[in-house]
There are 2 protein chains.
Amino acid sequence: MVSLNRISEICGVSLSTASKAISGKPGVGKATRERILSVARQHNYRPNQLVHSIQRGRSMMVGITCSQFDDEFAGKIVAGIFEVLYEASYDAMVIYWERNVQEGVRALGNLAGRRVDGILMFPPAAYPQGAYLEELRAFPNPVVVVDQTWPGCQYDLVGSQDVEGAFAATEHLLELGHRRIAHLGFTHGSTGKDRLLGFQNAMIRHGVAIHEKWLRDIQSYPSEEAYELTRELLSEPDRPTAIMCFNDEVALQVLSAAADMGLSVPKDLSITGFGDLSLVRHVRPQITTVTQDPREIGRRAAKLLIDRIEAKHQKQPAPVASQDRLPARLMVRQSTGPCPQDA
Amino acid sequence: MVSLNRISEICGVSLSTASKAISGKPGVGKATRERILSVARQHNYRPNQLVHSIQRGRSMMVGITCSQFDDEFAGKIVAGIFEVLYEASYDAMVIYWERNVQEGVRALGNLAGRRVDGILMFPPAAYPQGAYLEELRAFPNPVVVVDQTWPGCQYDLVGSQDVEGAFAATEHLLELGHRRIAHLGFTHGSTGKDRLLGFQNAMIRHGVAIHEKWLRDIQSYPSEEAYELTRELLSEPDRPTAIMCFNDEVALQVLSAAADMGLSVPKDLSITGFGDLSLVRHVRPQITTVTQDPREIGRRAAKLLIDRIEAKHQKQPAPVASQDRLPARLMVRQSTGPCPQDA
C-alpha cells in the first residue's frame, strides 16, 4: 500500500506538507495541495487508519465475538449491528470462536492487542468462566452482551423477553386445553433457562402439574438430539399432547419426529417454537412460535456500546449495567390446536 | 488501555528497556525484566498490534466482505475461514455490506485504510460493477473470491462445482422418467447461472425439450417469490412434474406451495434443492439435494489467501488466478420419485 512518505517523495514536498494537504489542514498553497491530492488519487493512497488510531488513542473499531453465525437469528443480529456501526463510522473486528477456552482467551487478547474500543459479545453456549472470564475482565473498554447472559454478569445486556415469551406460549397451550405439556429445552444458556422458567411459571399459575419426565434437555446445540428425544417422549403410553420447544429449529425436529411416527400436528400433538425464523413459515403445518426482533437487538446493542465508548472517552463514570429486553410475542400459526378429546 | 510508555514510567526504566523486556529481546538484566513483566501483567498490558502492524508493514489482518450471514451455508464458510485464520495467527475485519454501491465503496476503502493484508470476498448478489469494482481494483493486496464470481473476474475463486451438481440433479429427474421439468433459478449471481447451465446441458444431452415458460427466475433473494412462482407453475393445466430449484431454501418454498395446493410430493411432484442445509433433513418429505462443503470452501479460501499474501511479501510474481471448485454431489432423499403415470 503506498505510504504518505512515498506520496511526499513523488511530489517533492515534506511529509508534513503532504499530510496537511491530504487532511485538509491550512498551510499549503492551492496549487501544491491539488498536485498532492492528484498524486494521492493516482496512487490510490488511503490514509493509514493504524496511525490515526494510535494518534487519537482510539481505534474506531469494535470487536464482535460470536460462537455461531450460521443461523438466521444470529445473522440478523449481526446485520443490525453492522447497520449502526456503519452509520457511526466504526469498523468491526470479528472473532468467531467455537472451540476451547484457551482459544477464546487468545481471541480476547487479540481484541485487546488491536485496541478495539469496545466489545459486542455473544456469550459462548455454556457460561463463560475461568480464564476466559478473567481475560474478559482484564479488557479495559466497554462490553455489551448480546442475547445470552450468565450469572454474575456485570455487563450491559440486550436480548429478548424470554421468560415472558415462554409464558405466553405455555398459556396458549393451556387455553387450548392441554395439560400434558412437555418442555424440550436447552438450559446450558441463559435464554433456555429463562424459557424453562416462563414455562414453569405459567404451569404453576394455572395449577397444572409439571412432570419431571416431560422436562427434557438438549445437551449440545446445534444437534439432532431433539428428534430422538421427541421419539422417546411420544413412545410412552401416556405421551404428552403438546411440546413446547426451546426454539424453532428444535420445533422443526419435533415436527419431523411426529410425522415419522404417524402423528398428525396439531390433531394429535401441538408444538410451539421460539424465534419466528423464516423456516417456520415455510413448513407445513406452519409453526406457532414466539417472535423475536434480532435486527433491532443488534441495532440497540451496537448503539449502547457506542454510547458507552463515548461516555468513557468523556471521562464519565461507568454507568450501572442495564438489561434491555425486547418484547417476545406469541405468533399463533398451524402447529397448535385443541387438546385431543381422548387424551 | 495501558501503554508501554506507562509501564516504563511505573518501572522507572526507559521505553526501550521496557520494550526489550516485553518482547524477550536481550539487553535487560534478569531482575529488571521480571519486574517489568510483572508490572505489565498487573496492568493487563497487551502489546499494541497497531504499532506492530506499522513497523512490520503488514497488519496480520484480513478483510472479509459478506452480504449475507444469516444462512447456514455462508455461516459454515465463515466458520471454515476463521478456523484457518486462527491457526495462521491472522485476525479478521468483517464488512457486512447489504446496501448500495456507495456504501460498498466506502467499506472497501475502510479495509484499505486499515491496511488489511488481503480480502476474502463474498461478492454481492448482483455482479460487482462500476465504482465498487474500481475500488476493488485499487486495493493493492491479494483478493480471493468465495462461492460466487462474475464475468471478467481476475481473482482466485474457491467455490462449488455448480454446473456438475445441477447436471447430476437433472439427470436424476430424467432417469425417473420426468420430461416436464421446470427450473426455478436465481440467475443474478454466477452460481445460479451455472446451475441453470447444468440443467440445460443435461436436458440437451438427453434430448428433452426445455420450455421457456418453465424457466422461472427469482428477482431478489432471500424472498418469498419462489412460493408464488410455484403456485403459478402448478396452476397451469400442463403443469411440470418436477421442479429443480436454485437451492434448498427455494425448494422448501416449493414444497410448501405444493402442500397448500393439495399436491403430494413426490407422488404428484418431484423437487430437488441445492446445498444440503440441515433443514432439508428436518422436513418431511426430506428434500433430494446436491451437497456442498461450505466449511471446506472457507478453509481453502483462507489458505489460498494466506499463500497469496506470503508470496507477495516474498516478492514473488503474482500467479495466474485459479478456480478451485469443490465437488457437489447428488443426495437422493424423499422429494423425488417416478414421473406420475398420467402425466
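Here is what the cut-offs are and how they apply
- Residues numbered from 1 in each chain as written.
- Chains lettered and ligands numbered in written order.
- Predicted model: local features only at pLDDT ≥ 70, side-chain atom pairs only at ≥ 80, totals over all residues.
- Heavy atoms only, no water.
- Helix = DSSP H or I, 4+ residues; strand = E, 2+ residues; numbered from the N terminus.
- Buried < 20%, exposed > 50% of the residue type's maximum accessible area, 1.4 Å probe, protein only.
- Contact = heavy atoms within 4.5 Å.
- Areas by Shrake-Rupley, 256 points an atom, 1.4 Å probe, with all protein chains shown as cover.
- Lys, Arg positive; Asp, Glu negative; His and termini not counted.
- Charge placed at Lys NZ, Arg CZ, Asp CG, Glu CD.
- Pairing = 2+ DSSP bridges.
- Axes fitted to C-alpha atoms, helices over the stretch in contact; angles between N-to-C directions.
- Buried area = accessible area lost by both parts, 1.4 Å probe.
- Salt bridge = Lys/Arg side-chain N within 4 Å of Asp/Glu carboxyl O.
- Polar contact = N/O pair within 3.5 Å; in protein donor to acceptor, adjacent residues only side chain to side chain.
- Least-squares fit on C-alpha atoms with pLDDT ≥ 70 in both.
- Parallel < 35°, antiparallel > 145°, perpendicular 65-115°, else oblique.
- Left-handed = near helix turned anticlockwise from the far one by under 90°.
- Nonpolar A, V, L, I, M, F, W, Y, C, P; charged D, E, K, R; others polar.
- Domains from an automatic or database assignment.

1. Some points on the overall build of chain A
Then comes step 1: What chain A contains, in helices and strands, is 13 helices and 12 strands.
Then comes step 2: Projecting the C-alpha coordinates of chain A onto the three principal axes gives extents of approximately 90 × 40 × 30 Å.
Then comes step 3: Expressed as a percentage of the 343 residues in chain A, the buried residues total 58%.
Then comes step 4: Here the analysis covers contacts within chain A between residues at least 6 apart in sequence; of these, 73% occur between residues at least 24 apart.
Then comes step 5: Accessible surface computed for chain A: about 14200 Å², of which carbon and sulfur atoms make up 50%.
Then comes step 6: Taken together, the 38 basic and 39 acidic charged side chains of chain A have centroids lying 11 Å from each other.

2. Looking at the sheet that holds strand 7 (residues 215-217) of chain B
All names here are of chain B.
Then comes step 1: Taken in spatial order, the four strands make up an open sheet running 7-6-8-9, and their pairing is parallel. The sheet is open, and its two borders are formed by strand 7 and strand 9 (270-272), each paired with just one other strand. Within this sheet the neighbouring strands show an average axis-to-axis angle of 15°, counted without direction.
Then comes step 2: In terms of strand pairing, strand 8 (residues 242-245) meets strand 9 through three bridges, oriented parallel. Among the inter-strand pairings, Ile243 is bridged to a residue of strand 9, identified as Ile271.
Then comes step 3: Against the sheet, helix 9 (residues 190-205) makes contact with strand 6 (181-185), strand 7 and strand 8, and its axis sits at roughly 165° relative to strand 6, the strand it touches most.

3. A word on the interface of chain B and chain A
Then comes step 1: Facing 63 residues of chain B, the contacting portion of chain A comprises 63 residues.
Then comes step 2: Here chain B packs against chain A, burying approximately 5600 Å² in sum over the two surfaces, 55% of which is carbon and sulfur.
Then comes step 3: Inspection of the chain B/chain A interface yields eight salt bridges.
Then comes step 4: Note that A:Arg281 is salt-bridged to B:Glu224, the shortest N-O span being 3.4 Å.
Then comes step 5: Where chain B packs against chain A, one counts 24 residue pairs in polar contact (both at pLDDT 80 or more).

4. Digging into the relation of the copies chain B and chain A
Then comes step 1: Rotating chain B by 180° and moving it 0.0 Å along the rotation axis overlays it on chain A with an RMSD of 0.0 Å. Given the turn and translation reported, the copies of this chain are related as if by a two-fold rotation axis. Across chain B, the smallest distance between a C-alpha and the rotation axis is recorded for B:Met93, namely 2.1 Å.

5. A closer look at the sheet that holds strand 7 (residues 215-217) of chain A
Residues and elements named next belong to chain A.
Then comes step 1: Pairing is parallel in the open sheet, where four strands are placed in the order 7-6-8-9. For this open sheet the edge positions go to strand 7 and strand 9 (270-272), each flanked by a neighbour on one side alone. For this sheet the average axis-to-axis angle between neighbouring strands, irrespective of direction, equals 15°.
Then comes step 2: Across three bridges, strand 6 (residues 181-185) lies against strand 7 in parallel orientation. Following the sheet pairing, His183 is matched in strand 7 by Leu215.
Then comes step 3: The strands touched by helix 8 (residues 162-175) within the sheet are strand 6, strand 8 (242-245) and strand 9, with strand 8 carrying the most contacts at an inclination of about 170°.
Then comes step 4: Of the strands in this sheet, strand 6, strand 7 and strand 8 are in contact with helix 9 (residues 190-205), which crosses strand 6 at around 165°.

6. Some details on the pattern of salt bridges
Oppositely charged side chains can form a pair if their charged atoms are brought close together.
Then comes step 1: Tallied over the full model, the rule gives 44 salt bridges over all chains.
Then comes step 2: A:Asp238 is the partner of A:Lys213 in a salt bridge, and the nearest nitrogen-oxygen pair spans 2.8 Å. In this pair, A:Lys213 sits in the loop between helix 9 and strand 7 while A:Asp238 sits in the loop between helix 10 (225-235) and strand 8, placing the two residues 25 residues apart along the sequence.
Then comes step 3: Given the relative accessible area of 33%, A:Asp238 is considered partly exposed.
Then comes step 4: A salt bridge links B:Lys76 to B:Glu72, with the shortest nitrogen-to-oxygen separation between them at 2.9 Å. Note that B:Lys76 and B:Glu72 are positioned in helix 5 (residues 72-87) at a spacing of four residues, about one turn of the helix.
Then comes step 5: Residue B:Lys76 is classed as partly exposed on the basis of its relative accessible area of 31%.

7. Brief notes about the pairing of strand 5 (residues 156-160) of chain B
Residues and elements named next belong to chain B.
Then comes step 1: By the criterion of burial, strand 5 is predominantly enclosed, with five of the five residues buried.
Then comes step 2: With burial as the criterion, each face of strand 5 is covered, one bearing Asp156, Val158 and Ser160 and the other bearing Leu157 and Gly159.
Then comes step 3: Alignment of strand 4 (residues 143-146) against strand 5, held across three bridges, turns out to be parallel. For Val146, the partnering residue across the bridge sits in strand 5 and is Val158.
Then comes step 4: Here four bridges tie strand 5 to strand 11 (residues 323-326), and the two strands are oriented parallel to one another. Looking across to strand 11, one finds that Val158 is bridged to Asp324.

8. A short note on the packing of helix 8 (residues 162-175) of chain B against helix 9 of chain B
Residues and elements named next belong to chain B.
Then comes step 1: Put simply, helix 8 and helix 9 touch, their axes get as near as 7 Å, and they point 40° apart. When the axis of helix 8 is compared with that of helix 9, the two are oblique. Considering the relative orientation of helix 8 and helix 9, their crossing is right-handed. From helix 8, Asp162, Val163, Ala166, Phe167, Thr170, Glu171 and Leu174 reach across to helix 9, where they touch Thr191, Asp194, Arg195, Leu197, Gly198, Phe199, Asn201, Ala202, Met203 and Arg205.
Then comes step 2: For the contact of helix 8 with helix 9, the class distribution of residues is eight nonpolar, four polar and five charged.

9. Topic: the packing of helix 1 (residues 4-11) of chain B against helix 2 (residues 15-23) of chain B
Residues and elements named next belong to chain B.
Then comes step 1: Helix 2 packs onto helix 1 with a crossing angle of 105° between their chain directions and a minimal axis gap of 9 Å. As the angle between them shows, helix 1 and helix 2 are arranged roughly perpendicular. For the pair helix 1 and helix 2, contact is made by Leu4, Asn5 and Ser8 and by Leu15, Ala18, Ser19 and Ile22, respectively.
Then comes step 2: The class makeup of the residues in the contact of helix 1 with helix 2 is four nonpolar, three polar and no charged.

10. Considerations on the domain arrangement of chain A
Residues and elements named next belong to chain A.
Then comes step 1: Split by domain assignment, chain A resolves into domain 1 (4-47), domain 2 (60-160 + 294-327) and domain 3 (162-292).
Then comes step 2: The centre of domain 2, based on its C-alpha atoms, is set 30 Å off from the matching centre of domain 3.
Then comes step 3: In this complex, domain 2 contributes 14 residues to the contact, which on the side of domain 3 involves 16 residues.
Then comes step 4: Together domain 2 and domain 3 conceal approximately 1200 Å² of surface at their shared face, both sides included; 43% is due to carbon and sulfur atoms.

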